[in-house]
Amino acid sequence: MTRPALLAIDLGTSAAKALLVDAESGAPLALARRDAGTEVSTEAGASEQDPNAWWSAIAGATREVLRVAQERAGRIEVRGIAPCGHGPTVVPVRGDGTPVGSAITWRDTQIGRAHV
């Protein structure tokens, strides 16, 4: 039997969290947390992070909740995903969706400086 589940993903400035819950009862099945990387800028007032580190954190946390939930509850079918993240954060991307450079986070106070 396959257990229907919902996946919640929260990307914060310090960590990515993933929570898998039973779609019928709402009971938590597994929770995982991965470091989202550190700030990459050294300029005073700047707050930038590597979007690739975020993606790695999200992917790692998601793999872990699925693995743990399947070990505990058997076969899982994710029927919905609810993502959220910090903002406003700017992530310039190329046409193929890859980041151009660092993401300028909501904590950056260098208004008007060149970022790319």
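Residues numbered from 1 in each chain as written. Predicted model: local features only at pLDDT ≥ 70, side-chain atom pairs only at ≥ 80, totals over all residues. Heavy atoms only, no water.

> It is not clear to me how the pattern of salt bridges should be interpreted in this structure. Could you clarify?
One side chain can pair with another of opposite charge once the charged atoms of both are near each other. Enumeration over the complete set of coordinates arrives at 5 salt bridges. Between Asp-10 and Lys-17 there is a salt bridge whose closest N-O contact spans 3.4 Å. On the basis of relative accessibility, which here comes to 28%, the residue Asp-10 falls in the partly exposed class. One salt bridge connects Arg-79 with Glu-77, and the closest N-O pair in it is separated by 3.7 Å. Residue class for Arg-79 comes out exposed when judged on its relative accessible area of 55%. The exposure class assigned to Glu-77 is partly exposed, which follows from its relative accessible area of 36%. (Salt bridge = Lys/Arg side-chain N within 4 Å of Asp/Glu carboxyl O. Buried < 20%, exposed > 50% of the residue type's maximum accessible area, 1.4 Å probe, protein only.)

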